[in-house]
Amino acid sequence: MSAPVWPDGLQDGTPLPFSVWRVMHHVDGTRDVTEVARLAGVTVPDVQERLNAAAAWVARAAQRDLPVSDDLAERIIQCLTGVVGPVAAVMVDEVLDDLGEQATLNATLSTLAKQLTPERVQLFARLLRERGVT
């Protein structure tokens, strides 16, 4: 078996669930999957699952720093419409205008969330996840 390696973009400071870090801590590019599993106290399939999870977390983190495209803005509007109704389009447009060049997914969603009640933030987050935005 080949030795697993960290996904591109994963760094020591990348926030990951403990179950993923517990495995990634033992991944050094020289230990094989069986040894990583033994050291982490998990099964070999668990190691592969945690490697995939780490890669997914890295991809999501990278996505958050990308500029908001027209397609992404439309998906955000669709999700927000389920929370606040038709005023969502105006809210998103205003946030994008205010942020200008700094209109990343993370900045846009954070700014929108500040305008919502905690209950609506939870609903908005759920809708974003369901539509694959976050």
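On a predicted model such as this, the values are computed, not experimentally measured, just so you know.

Novice: Can you walk me through the environment of V58 in this structure?
Specialist: Topologically, V58 is positioned in helix α3 (residues 44–64). For V58, a relative accessible area of 11% puts it in the buried group. Distance in space between the C-alpha atoms of V58 and D97 is 28 Å, their sequence separation being 39 residues. The contacts of V58, once residues within four sequence positions are left out, are D8, G9 and L10.

Novice: Got a minute to help me understand the layout of surface pockets in this structure?
Specialist: Here the largest pocket defines a volume of roughly 150 Å³. What lines the largest pocket is R60, R64, L105, N106, L109, S110, A113, V121, F124, A125, L128 and T134. Elements with a minimum of two residues in the lining of the largest pocket: α3, α6 (105–113) and α7 (118–130). Take the lining of the largest pocket: its biggest share by element is five residues, from α6. Among the residues making up the lining of the largest pocket, the classes are represented as seven nonpolar, three polar and two charged.

Basis of the calculations
Residues numbered from 1 in each chain as written. Predicted model: local features only at pLDDT ≥ 70, side-chain atom pairs only at ≥ 80, totals over all residues. Heavy atoms only, no water. Helix = DSSP H or I, 4+ residues; strand = E, 2+ residues; numbered from the N terminus. Buried < 20%, exposed > 50% of the residue type's maximum accessible area, 1.4 Å probe, protein only. Contact = heavy atoms within 4.5 Å. 1 Å grid on protein atoms, 1.4 Å probe; cavity = no way out; pocket = protein on both sides within 12 Å on 5 of 7 lines; lining within 4 Å. Points joined across faces, edges and corners; volume = space filled by probe spheres on them. Nonpolar A, V, L, I, M, F, W, Y, C, P; charged D, E, K, R; others polar.

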